[in-house]
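Structural characterization, general
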Amino acid sequence: MLTGELVATDILIRFLGAGLINVGGDDAKLDRLRETAADLAATLEKTPSKAAAFALIAFDPEAPVDDPVIKETAEALQKRWATYVNTFSGTPVAVIRAILLDALVHAAEDDDKVGVAFVTSARNALPFMEAGNERAIWTDVVADIERRVDARAEAEWAAPSSITVPAMSFDAPKAVSTGVTFGSVDKAALTVQVLAAAGPQTATGQATGGNQYWPNQHPQQWAQQFSTRLAAAIADAVDALGKEANVEPIDLSGPLKGIAQAVTTHVEATLQAVTGASAGLQRRTNLIWWKETLYSPSARVSYRGMPTSTAAALMAFDLHQQVPTFSPASVAAFLHEAVLSLPSLDPAEGRPIRSLLEEAMASPELTPLREAAAQLVQDLAGRGPVLALLGHRSGRSTLDDDGFRAHVGVPAATPLTVPGWATWLFRELQAARAAQGGGGGQEART
């Protein structure tokens, strides 16, 4: 298996080696082809919606020479190589297809949305085209791009075994300074009270009106009154001092707001980490519920009461609405298995793709699908996805065999099983949304 870099570099060389194109051994002519491919890759990066049409022409050895993609590529080639018509007889479809493939591979390397459109288109159309000796080239290219797209999808769907939450970031506030003023103790008043506690008279014989005992006469009674009166005197002095104290008010609103904001930010980050980590698991759980109930969230009815092909098409649309653009290839297989759960389904029965399309264009249950197709895909004049017919040709006359082959890239009689029809539509829906740059359905954004 080739690496992505080698595949991207050697596309034109491999077409030359397989004898699919011929520039007469002239490296200068090969350089013109590479320059044209680089120009078209730049076009794809600016307009990813062209990826599906480019891919469907690049896949097809019988691509019509009058297709708009063929004409656009020929014009781009002429800008780089004005005399290319002298080297090739008629419109060099094989050369144009090689240029388109090279452009798609380079664009897909830089933009995974182009890769999604390319791979989904390849999985639908390539099995029904005569690749011949191109098959080895296509196998390498598709597998390489699909591997890179799937790696991104698996990462988005993964449920990690642990969650890492960063530590809470908080800048401690600066120390708050405040001023406190106190009054002074009234020493004279305190002295009077202490003397009253000490005995019945002062040293000058003046009555204190306090303790009526002297310690040398009645020590026990004196001690009782002394301690009581002294404690009261000290308490009164301290109380008076506290009443006179003045403490400046402290404003803590700023620091408290900072703490609250830091906690809020940390909790939000934690919840986001948990939500992101569990999103893949929640999505899988929802899909299992959907598969087991066989209930359409868009039509709000059971799939069991619909014709099987209609139910399968609606299941493709509903699944598309529930998953992100970057979804593993296994999601298409999951849809296949879900469709097999429909009652009265013959899993091996094949129906012409045009018959399935005509039924989808007329079914009232598939109105949401047709409306979505009209929004996702333009009404193309040339090669394009089945969605373009589904979204823009309902009510018009049916394409004949040649017209259908020219537009879709596969014969109108190409047989598809009902599960195969569902996966075909699902892949096209995913590719169309990728080309528009959409992220996913409602479930994918929760």
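Quantities reported herein were computed from a predicted structural model and do not represent experimental measurements.

Quick word on the overall build of the protein
Looking only at helices and strands, one finds 18 helices and six strands in the protein. Compactness check: the protein gives a C-alpha radius of gyration of 42 Å against a globular reference of 22 Å for 446 residues, more than 25% above the reference. Along the first, second and third principal axes, the C-alpha atoms of the protein reach 145 × 60 × 40 Å. Counting the 446 residues in the protein, one finds 41% classified as buried. Sequence separation of 24 or more characterises 71% of the internal contacts of the protein that already satisfy a separation of 6 or more. Counting 36 positive and 50 negative side-chain charges, the protein places the centres of these two groups 2 Å from one another.

Regarding the side chain of S296
Checked against the element boundaries, S296 lands in strand β3 (residues 295-296). Since its relative accessible area comes to 0%, S296 is described here as buried.

Concerning the pattern of salt bridges
Considering all chains together, one arrives at 17 salt bridges under this definition. Between R405 and D60 there is a salt bridge, with the nearest N and O atoms lying 2.7 Å from each other. Here the residue R405 occupies a position in helix α16 (residues 401-408), and D60 occupies one in the loop between α3 (51-59) and α4 (68-80), the gap between them amounting to 345 residues. Comparing R405 with D60, the two get one shared label, buried.

Things to note about the packing of α3 against helix α6 (residues 112-125)
Between α3 and α6, the least distance of the axes is 9 Å, while the angle of their chain directions is 40 degrees. Taken together, the axes of α3 and α6 lie oblique to each other. Here the hand of the crossing between α3 and α6 comes out right-handed. Residues A51, A52, A55, L56 and F59 of α3 lie in contact with α6, whose contacting residues are V114, A117, F118, S121, A122 and A125. Its residues assigned to classes, the contact of α3 with α6 shows ten nonpolar, one polar and no charged.

Some remarks on helix α7 (residues 135-157)
For an α-helix, 3.6 residues make a turn, and residues three or four places apart therefore share a direction. End to end, α7 covers 31 Å across 23 residues, agreeing with the expected 33 Å (1.5 Å per residue, within 8%). Within the span of α7, buried status applies to I137, W138, D140, V141, V142, D144, I145, E146, V149, D150, A153 and W157.

Some points on the packing of aromatic side chains
Taken as a whole, this structure holds seven aromatic pairs when the rule is applied. Centre to centre, the rings of W81 and F88 are 5.7 Å apart; their planes meet at 70 degrees, and the pair counts as edge-to-face. Residue W81 shares its accessibility class with F88, and that shared class is buried. Seen from their ring centres, W290 and F334 are 6.4 Å apart, and the 35 degrees between their planes marks the pair as tilted. In this pair, W290 is assigned in helix α10 (residues 253-293) and F334 in helix α12 (residues 330-339), connecting sequence segments 44 residues apart. On the basis of relative accessible area, W290 is assigned to the buried category, the value being 4%.

Focus: a nonpolar patch on the surface
On the surface, M168, I250, L252, L256, I259, V263, V267 and L271 cluster together into a nonpolar patch covering about 690 Å² of accessible area. Mapped onto the elements of the fold, I259 is located in helix α10. Judged by its relative accessible area of 37%, I259 is partly exposed.

Looking at unusual backbone geometry
Here the phi dihedral of R300 falls at roughly 60 degrees; this positive angle occurs in a residue that is not glycine. With respect to the helices and strands, R300 occurs in the loop between β3 and β4 (301-302). For R300, a relative accessible area of 61% puts it in the exposed group. Located in the positive-phi region is S344, a residue other than glycine, with phi close to 60 degrees. Tracing the sequence through the fold places S344 in the loop between α12 and β5 (350-352).

Section: the side chain of Q322
Along the chain, Q322 turns up in helix α11 (residues 308-322). Note on Q322: relative accessible area 10%, which makes it buried. At 3.2 Å, the side chain of Q322 and the backbone oxygen of D318 are in polar contact.

Section: the nonpolar core
Judged by nonpolar contacts, the single largest core of 59 residues is most densely connected at L33, F59, L101, L104 and F118. Those elements that provide at least two residues to this core are α1 (4-17), α2 (27-46), α3, α4, α5 (93-110), α6, α7 and α17 (418-436). Among the elements that line this core, the one with the most residues is α5, at twelve residues. If you look at the next biggest cluster of nonpolar residues, it comprises 51 residues, including L314, V323, A412 and L416.

Analysis parameters
- Residues numbered from 1 in each chain as written.
- Predicted model: local features only at pLDDT ≥ 70, side-chain atom pairs only at ≥ 80, totals over all residues.
- Heavy atoms only, no water.
- Helix = DSSP H or I, 4+ residues; strand = E, 2+ residues; numbered from the N terminus.
- Rg over C-alpha atoms; globule rule 2.2 N^0.38 Å.
- Buried < 20%, exposed > 50% of the residue type's maximum accessible area, 1.4 Å probe, protein only.
- Contact = heavy atoms within 4.5 Å.
- Lys, Arg positive; Asp, Glu negative; His and termini not counted.
- Charge placed at Lys NZ, Arg CZ, Asp CG, Glu CD.
- Salt bridge = Lys/Arg side-chain N within 4 Å of Asp/Glu carboxyl O.
- Axes fitted to C-alpha atoms, helices over the stretch in contact; angles between N-to-C directions.
- Parallel < 35°, antiparallel > 145°, perpendicular 65-115°, else oblique.
- Left-handed = near helix turned anticlockwise from the far one by under 90°.
- Nonpolar A, V, L, I, M, F, W, Y, C, P; charged D, E, K, R; others polar.
- Expected span 1.5 Å × (residues − 1).
- Phe/Tyr/Trp six-rings, centres within 6.5 Å; stacked < 30°, edge-to-face > 60°.
- Patch = residues over 30% accessible without salt bridge, like charges linked within 9 Å, V, L, I, M, F, W, Y side chains within 5 Å.
- Areas by Shrake-Rupley, 256 points an atom, 1.4 Å probe, with all protein chains shown as cover.
- Polar contact = N/O pair within 3.5 Å; in protein donor to acceptor, adjacent residues only side chain to side chain.
- Core = buried A, V, L, I, M, F, W, Y, C linked by side-chain atoms within 4.5 Å.

Purely spatial values, then, with no claim about function.
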